[in-house]
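# Tertiary structure, described
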Amino acid sequence: MPSSRTTLSRLVTVLLTGVLVGLVVAVAALPGNLLLGIAAKSAVGAYADLPDSLRTPATPQRSYLYANDGETLITTFYDVNRSDVPLAEIAPVMRQAIVAAEDRRFYDHGGVDLRGLARALVANVTDGGTQGGSTLTMQYVRNVLKNDPNLTAEERQAATDQTVGRKLQEIRYASALEQRLGKDEILNGYLNIAYFGSGAYGIAAASQRYFAKSPAELTLAESALLAGLVQSPDEYSPIDGDTEAALTRRAYVLDSMVATGDLTPAQAEQAKAEELTLKPTAQANGCTAAPDGSDTGYGFFCDYLRGWWLTQPAFGDTVEEREQALRRGGYRVVTTLDPEIQATAQRQATDVYDYDNKRALPIAAVEPGTGKVLAMAVNRHYSVAANPDGQDNHPNTVNQLVAGGGGVEGYQAGSTFKLFTMLAALENGRTLSTGFDAPSRLPTRYPADSGDAVCDGRWCPANSNPSWMDGYRMMWDGFGRSVNTYFVWLAEQVGQDKVVEMAQRLGITFRSTADANFAENNAADWGSFTLGVAATTPLDLANAYATVAAEGTYCAPTPVESVTAPDGTRVPVGDPSCRRVLDADVARAATDAARCPVGQQSAFGQCNGGTATAVNRILDGRPVAGKTGSSEQAATESFVGFTPQVAVAGIAANPDDPGDYVGAAVQARVITGVAEVISTAVDGREVRQFTAPSRDLVGNPTRPAPPPPPAPTVEPQRPEPADILRWLQGRRG
């Protein structure tokens, strides 16, 4: 038996509803002109009081990330799966179906259908039903308010409260909107915000979710089905709910379209007979949903893009606001990712080591002169999925193995750092002809107390292949043959602090605390820096070499071509941020020497051997430069190469265990992999030559003549005793 409080509450509701019904009926009985006048007068005042979200709706929308062609979809970001489309891009039958399903008199009323409202109120009081009586305009008001990101959760909840006060406010707002907006504008807004079930908000998301097509491509039967979902999305959704219920509701919508005159009975029956053919499509959300395969692997680039986005003030004052902007702002982001270069990089990375290998080959490609990041690949799935026991980060990880950060410090890149010594020397008055008779082992002034490279308490590095490396060297063949003792000597002449500063100037970031402390407090004594003992990443390394390729112009790496807001305006972010950090002639001189390692010839004919001569063959003689790198005991193997149009770096390492040495044998495969990425990047593009440096930085490349062979040794004759006696007599005389 109901309590007295329940009975009283129901009685009050009935009385209030009765009053509202009376008002509606009374208003409906007024002459038409008078009724319109009252509505218009009320709406003028109400419009000024409308929430900003109703005057300029800011409903959450999905953001799209595309590759640099503007067509290849990388992924989307959203809290609410929706995206606005103009009415012209929605099939006419869809517009007709939604009106027939939700508000047949839409084009006849001024925002409030008084007859329909009265009928719904009476039915709800008399038989306990739940008829709404809301017009499309009233529903639009309700949807905007409950999705307004500027309202609190309590305020959004209040927008759907089943109270007389809320209903009266909804009526007032709807009347006000009808005085300012055209019917098509309201219909467009409604179709873009209505919930169609299965996580799809708005007709664009719904047509993709259920039928894998755009709203413009919807058929009559498909439109009727989608229009029928709005009344009860969870109940009618054929994906998550009841297929039979969805078809029954579709039939109702088709009959309603006959009632509105949009269809003939025969057309409706034909559409009812159509078999329901769904193509459920889950909309990608976030970087872990980006395409992942041997020719895609977009996840790590996506992760880099998201990290960049969270640093941009244009999207909010805080990280939280920028994250919300990405997930709710409806941006169209065209990135710098080149699908073809990325595909080659991913294939090369996974050819060297497969996904299950504990070792990795992260590869990055950058465009000189712009800093555009063209590819980021590694033999890992960008995923939060569990790994087999004992495998911390393979095959799945979301750690940034290519660009570093978030705990990833990077990897030693070995002799690739000799470039920074050469640049510092050239900048400080040395020439390419600077010569030194490089010994097998070089005692230095730097103290050392342990390890193989210690001589009498001093660091004394050695050449890895003395018979090929030792001897008189200049920068050309010192770089081409990667002569350790030449470059350690050169760094001593210039000053290690200048070498460290040069690396930082070209974008090498010290993510390791130990490296950062050494660079800040003891750079002048960091003797081994030129041999690449500091941790770096393929992206930093590629961009540093891209600076040389761009003749001394450093550009901060960027993952973005353009960002467009939902209203079509371009957000002022992503433009290249470049500055000159090297004299162009210095960069040209270093490039001339960097032709030697890859099997090409300098402009002055001084190359006489290289550590990566296969590159010249792979690039078919196209001008290219680069450098190999091997860290101590082949713990890592690296190669970075560049043309005037692209710079690519790869580092083979074990990201989880620096003590797991990859071995020297893999270097040839790393060289080939990087060269193939360069080949893809320049394929079909004009052949651009490197500019030779001026004579001021060349010096005198005349090598000293080899010393003459030593004279044959003649053993001195032993004097006879008689000769000694005569000599003594002569001395006395």
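Preceding this section is the structure that the text describes.
Residues numbered from 1 in each chain as written. Predicted model: local features only at pLDDT ≥ 70, side-chain atom pairs only at ≥ 80, totals over all residues. Heavy atoms only, no water.

### A few points about the sheet that holds strand S2 (residues 73-77)
Selection rule: Pairing between two strands is assigned when DSSP locates at least 2 bridges connecting them. Helix and strand definitions follow DSSP, with helices as H or I runs of at least four residues and strands as E runs of at least two, each counted in order from the N terminus. Here an angle of 0 to 180 degrees is reported between the N-to-C directions of two axes, which are lines fitted to C-alpha atoms, with helices fitted over the stretch in contact.
Across the sheet, 4 strands lie side by side as S2-S1-S3-S15; this open sheet has mixed pairing. Each end of this open sheet is capped by a strand with a single partner; those strands are S2 and strand S15 (560-564). Neighbour-to-neighbour, the strand axes of the sheet open up by a mean angle of 15°, direction not taken into account.

### Structural notes on unusual backbone geometry
Formally: Residue exposure (1.4 Å probe, protein chains only): buried if accessible area is under 20% of the type maximum, exposed if over 50%, otherwise partly exposed.
A cis geometry characterises the amide bond from His394 onward to Pro395, with omega recorded as 10°. Within the secondary structure, Pro395 is located in the loop between strand S6 (381-382) and strand S7 (396-397). Phi angles above zero are rare outside glycine, and Ala212 is one such case at about 55°. Along the polypeptide, Ala212 turns up in the loop between helix H10 (202-211) and helix H11 (220-229). On the accessibility criterion, Ala212 (39% relative accessible area) is partly exposed. At Asp620, a position not held by glycine, the phi torsion is positive, near 55°. Position of Asp620 relative to the elements: it lies in the loop between helix H26 (614-618) and strand S17 (625-630).

### Quick look at the state of the cysteines
Quick note on the threshold: Disulfides are defined in this document as cysteine sulfur pairs within 2.5 Å.
Across all of its chains, the model carries 4 disulfides by this definition. Disulfide pairing is shown between Cys287 and Cys302; the S-S distance is 2.1 Å. With the S-S dihedral at roughly -75°, the linkage between Cys287 and Cys302 falls on the left-handed side. Of this pair, Cys287 sits in the loop between helix H14 (265-272) and helix H15 (299-309) while Cys302 is found in helix H15, placing the two residues 15 residues apart along the sequence. Accessibility assignment for this pair places Cys287 and Cys302 in one class, buried. Two residues share a disulfide in this structure: Cys455 and Cys460, whose sulfurs sit 1.9 Å from each other. Between Cys455 and Cys460 the sulfur-sulfur dihedral comes to about 80°; the bridge is accordingly right-handed. For Cys455, a relative accessible area of 24% translates into the label partly exposed.

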